[in-house]
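Spelled out, the chains give:
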Amino acid sequence: MKTVTLLSALVAGTMLAAPVTASAQDDAQTKGQAELAELLEGRVAGEPQSCVRTLPSTPVNIIDGTALVVDRGSTIYVNIPDHPDSLDDNDALKIRKFGSGTQLCRTDIITTFDRTGGFYTGNVSLGDFVPYERVGG
């Protein structure tokens, strides 16, 4: 009897926790979408590309629950991966490139790690990179 009661309590607790997790994920996505919209303000989208040229000093930033952004100065490239909700701006990226060392491509493998603890948090499957340039600049 105790086993059934304990199992029922665990199931009920899991059901109660699920909406909180989903809600936190939705909040991160909404904040990320607002951050991306602000970043793209005054910019116009170009043709999507499967690769973008990068250098060792080229930053690849995570927008929580939304996208990866490659900052090339006057042009920024936005990549919305298959499951953007898994992106966490507290993670660090490890990028394994399969083509040229000077390009980041949709075929490259990105693994995410917790920035402070260093433990594995997931993989990111990239989409196309959409360039955004400032209007009139």
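Up top is the structure these notes are about.
Keep in mind that this is a model prediction, so the values were computed, not measured. (Residues numbered from 1 in each chain as written. Predicted model: local features only at pLDDT ≥ 70, side-chain atom pairs only at ≥ 80, totals over all residues. Heavy atoms only, no water.)

Draft legend 1. Representation of the pattern of salt bridges within the structure. Considering all chains together, one arrives at 1 salt bridge under this definition. With its nearest N and O atoms 2.8 Å apart, the salt bridge here joins Arg 106 to Asp 128. Of the two residues, Arg 106 sits in the loop between β7 (103-105) and β8 (109-114) while Asp 128 sits in the loop between β9 (120-124) and β10 (129-134), which places them 22 residues apart along the sequence. Asp 128 sits in the partly exposed class, given a relative accessible area of 33%. (Salt bridge = Lys/Arg side-chain N within 4 Å of Asp/Glu carboxyl O. Helix = DSSP H or I, 4+ residues; strand = E, 2+ residues; numbered from the N terminus. Buried < 20%, exposed > 50% of the residue type's maximum accessible area, 1.4 Å probe, protein only.)

Draft legend 2. Structural context of the state of the cysteines. Tallied over the entire structure, the rule returns 1 disulfide. Disulfide pairing places Cys 51 opposite Cys 105 at an S-S distance of 2.0 Å. Its torsion about the S-S bond being 110 degrees, the disulfide of Cys 51 and Cys 105 is classed as right-handed. Of the two residues, Cys 51 sits in strand β2 (residues 51-53) while Cys 105 sits in strand β7, which places them 54 residues apart along the sequence. Taking the relative accessible area as the measure of exposure, Cys 105 reaches 9% and is therefore buried. (Disulfide = S-S within 2.5 Å.)

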